[in-house]
Amino acid sequence: MSQSLVDAIKNKSTRVIANMLHGFAEEYRYDIIDSIARSMSIEEFVEALERALREARGLIEDRRKRKEPAPALPSADDIKEAVGFFEKFGKSYASALAALALTSYVPIKERE
């Protein structure tokens, strides 16, 4: 069965990444989310994710020091799945992921 962009956005890995990115929105760090949305190639998308992951470590540490809820880092499998979605849907996926990150908290069901 062929997967649609809507299915990709509903995917657990997408929601995990969106929640991590949402942490930047809460800190008014839109540049990181914007770099994902503007990705035109797989290389740009991966670089934007890499930067987000690197920056998220500092965000998480700062939040923990302030005793505030912190986003979780996505797993390697989450990143692989997102890259696959970008390969399939291109900029549409990147833009939808960024839009999802700008919304309020995105619920994630327990990992299966």
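Refer to the structure printed above.
**Quick look at the pattern of salt bridges**
- Scanning the entire structure with this criterion turns up ten salt bridges.
- For the salt bridge of Arg63 with Glu26, the shortest nitrogen-to-oxygen distance reads 2.8 Å. You can see Arg63 sitting in helix H4 (residues 42–65) and its partner Glu26 sitting in helix H2 (residues 12–26), a full 37 residues away along the chain.
- In this structure Arg63 comes out as buried when scored by relative accessible area, which is 5%.
- Glu26 gets classed as partly exposed once you look at its relative accessible area, which sits at 44%.
- Note that Glu68 and Arg66 form a salt bridge whose closest N and O atoms lie 3.0 Å from each other.
- What makes Arg66 partly exposed here is its relative accessible area of 42%.
- The network of salt bridges with common partners includes Glu26, Glu27, Arg63, Arg66 and Glu68.

**A look at the packing of aromatic side chains**
- The final tally for this structure, using the stated rule, is four aromatic pairs.
- Ring centres of Phe45 and Phe86 lie 4.6 Å apart, and the angle between their planes is 10°; on these two criteria the pair is classed as stacked. In this pair, Phe45 sits in helix H4 while Phe86 sits in helix H5 (residues 76–89), placing the two residues 41 residues apart along the sequence.
- By relative accessible area, Phe45 is classed as buried at 0%.

The rules behind each value
- Residues numbered from 1 in each chain as written.
- Predicted model: local features only at pLDDT ≥ 70, side-chain atom pairs only at ≥ 80, totals over all residues.
- Heavy atoms only, no water.
- Salt bridge = Lys/Arg side-chain N within 4 Å of Asp/Glu carboxyl O.
- Helix = DSSP H or I, 4+ residues; strand = E, 2+ residues; numbered from the N terminus.
- Buried < 20%, exposed > 50% of the residue type's maximum accessible area, 1.4 Å probe, protein only.
- Phe/Tyr/Trp six-rings, centres within 6.5 Å; stacked < 30°, edge-to-face > 60°.

By themselves these figures say nothing about function.
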